[in-house]
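The chain contents come next:
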Amino acid sequence: MKRLIFAVLLAALSLAIAVPAVADTKPPKLPPGAVPVQEGEVSEFSCPGGLPLEVVGTGTYYKKSGKEIGTVPGVQVDDDTVQFGPAPKKAAYLVPTYTCRSEADLVVEKTASQTSLTVPGDEFTYTIKLTNLGPSPAENVKLSDLLPHGLIVDLAASTLPPGCYFGIHPNALECGPFFETLGTLEPGESVTVVLAVVTTSRWPGDDWYPYINTAGATTTTFDPDTSNNSDTVVLPVTSVTGAG
């Protein structure tokens, strides 16, 4: 009987030795944006599309277990690149925090349906196209155009996108009047306004002066090129009806 009990205990012991312990593979709890690193490693991060850095930020290192080791300041090595490291001893993860500057290049294109005008009574259209060339969304966009004296807008024949109004102020197109805006214009997105216009008589002696008109746009997002934020159309007067 003793031999039987001994044999059973021996078999159980052998089984316990043969079966390895299952390792805990549960991943550590880390903040969003964690990237794996090795001790002594220097990590570099660049802003997408060549956007410049706005805030260099810091990097926080963590052990393999998820325990925080410490935080170090980032080092800017280029207009769009930040560097962290070398990683300290036992570092397994890095959580970088830096901010890339948003940039949105707004472009305004204004055209007229004809190249010259007759005064009064000539009917034509102004077309204003506003485009965000990116690379970032343009926030709090506004578009405006003050028409010169001697032009009347036919609103029934015009096309005004949502957020655009004409006549809140005399002879003015305002997309985002007062504290309103057109909202956010995504990269590649456009807004087009069509104004149907009729010429009228102006002040005595002014009828022959050309019609000079400029449309312009703004955004609270940094615009790297403001030279294309406005566009001007000049329409000479070639005939004045009833002129002596």
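First, a word on what this report is: a plain description of the structure on this page.

Parameters and conventions
- Residues numbered from 1 in each chain as written.
- Predicted model: local features only at pLDDT ≥ 70, side-chain atom pairs only at ≥ 80, totals over all residues.
- Heavy atoms only, no water.
- Pairing = 2+ DSSP bridges.
- Helix = DSSP H or I, 4+ residues; strand = E, 2+ residues; numbered from the N terminus.
- Axes fitted to C-alpha atoms, helices over the stretch in contact; angles between N-to-C directions.
- Disulfide = S-S within 2.5 Å.
- Buried < 20%, exposed > 50% of the residue type's maximum accessible area, 1.4 Å probe, protein only.
- Salt bridge = Lys/Arg side-chain N within 4 Å of Asp/Glu carboxyl O.
- Contact = heavy atoms within 4.5 Å.
- Polar contact = N/O pair within 3.5 Å; in protein donor to acceptor, adjacent residues only side chain to side chain.

## Regarding the sheet that holds strand S17 (residues 230–235)
The 5 strands are arranged S13-S14-S11-S16-S17 in an open sheet whose pairing can be described as antiparallel. The sheet is open, and its two edges are formed by strand S13 (164–166) and S17, each paired on a single side. This sheet shows a mean twist of 10° between the axes of neighbouring strands, independent of strand direction. Where S13 meets strand S14 (residues 172–175), 3 bridges bridge the pair, whose relative direction is antiparallel. By the bridge assignment, Phe-166 is partnered in S14 with Leu-173.

## Some remarks on the state of the cysteines
Applying the stated criterion to the full structure yields 2 disulfides. In this model Cys-47 forms its disulfide with Cys-100; the gap between the sulfur atoms is 2.1 Å. For the disulfide bridge between Cys-47 and Cys-100, the dihedral angle about the S-S bond is near -95°, and by the sign convention the bridge is left-handed. Highlighted residues: Cys-47 in the loop between strand S2 (43–46) and strand S3 (53–62) and Cys-100 in strand S7 (residues 93–100), separated in sequence by 53 residues. On the basis of relative accessibility, which here comes to 22%, the residue Cys-100 falls in the partly exposed class. Note on cysteine connectivity: Cys-164 is disulfide-linked to Cys-175, with sulfurs 2.0 Å apart. Disulfide Cys-164-Cys-175: torsion about the S-S bond near 110°, hence right-handed. With a gap of 11 residues between them, Cys-164 in strand S13 and Cys-175 in strand S14 connect regions that are remote in the sequence. Residue Cys-164 shares its accessibility class with Cys-175, and that shared class is buried.

## Considering the pattern of salt bridges
The tally for this structure, following the rule as stated, stands at 2 salt bridges. Between Glu-103 and Arg-101 there is a salt bridge; the shortest N-O distance is 2.9 Å.

## Quick notes on unusual backbone geometry
With glycine set apart, most residues show a phi of negative sign, and most peptide bonds adopt trans. Residue Pro-86 is reached from Gly-85 by a cis peptide bond, and omega for that bond is 5°. Examined against the element boundaries, Pro-86 turns out to sit in the loop between strand S6 (81–84) and S7. Of note, Asn-140 is a non-glycine position whose phi angle comes to about 50°, a positive value.

## A word on the sheet that holds strand S8 (residues 104–112)
Consider a sheet: its strands pair through backbone hydrogen bonds, and that pairing is either parallel or antiparallel. If you trace the 4 strands from one edge of the open sheet to the other, you get S8-S10-S15-S12, paired in antiparallel fashion. Every other strand in the sheet has two partners, leaving S8 and strand S12 (151–153) as the edge strands with one partner each. Strand-to-strand twist of the sheet, defined as the mean angle between neighbouring strand axes without regard to direction, takes the value 30°. By the bridge criterion, 8 bridges tie S8 to strand S10 (residues 123–135) in an arrangement that is antiparallel. Pairing of Glu-109 across the sheet is with Lys-129, part of S10.

## Focus on the pairing of strand S15 (residues 190–199)
In the sheet, S10 pairs with S15 via 9 bridges, with the strands oriented antiparallel. Considered in S15, the bridge of Glu-123 is made with Val-198. Inspection of the sheet shows S12 paired to S15 by 3 bridges, in the antiparallel sense. Following the sheet pairing, Val-153 is matched in S15 by Val-197.

## Things to note about the environment of Phe-45
Tracing the chain through its elements places Phe-45 in strand S2. In this structure the C-alpha to C-alpha distance between Phe-45 and Thr-81, which are 36 residues apart in sequence, comes to 5.6 Å. Setting aside residues no more than four positions away along its own chain, Phe-45 makes contact with Val-35, Asp-80, Thr-81, Val-82, Phe-84, Leu-94, Pro-96 and Tyr-98.

## Focus on the side chain of Asp-122
Here Asp-122 is to be found in the loop between strand S9 (117–119) and S10. Within polar-contact distance, the side chain of Asp-122 engages the backbone nitrogen of Thr-118 at 2.8 Å. Look past the residues within four positions of Asp-122 in its chain and what remains in contact with it is Gln-114, Ser-116, Leu-117, Val-197, Val-198 and Thr-199.

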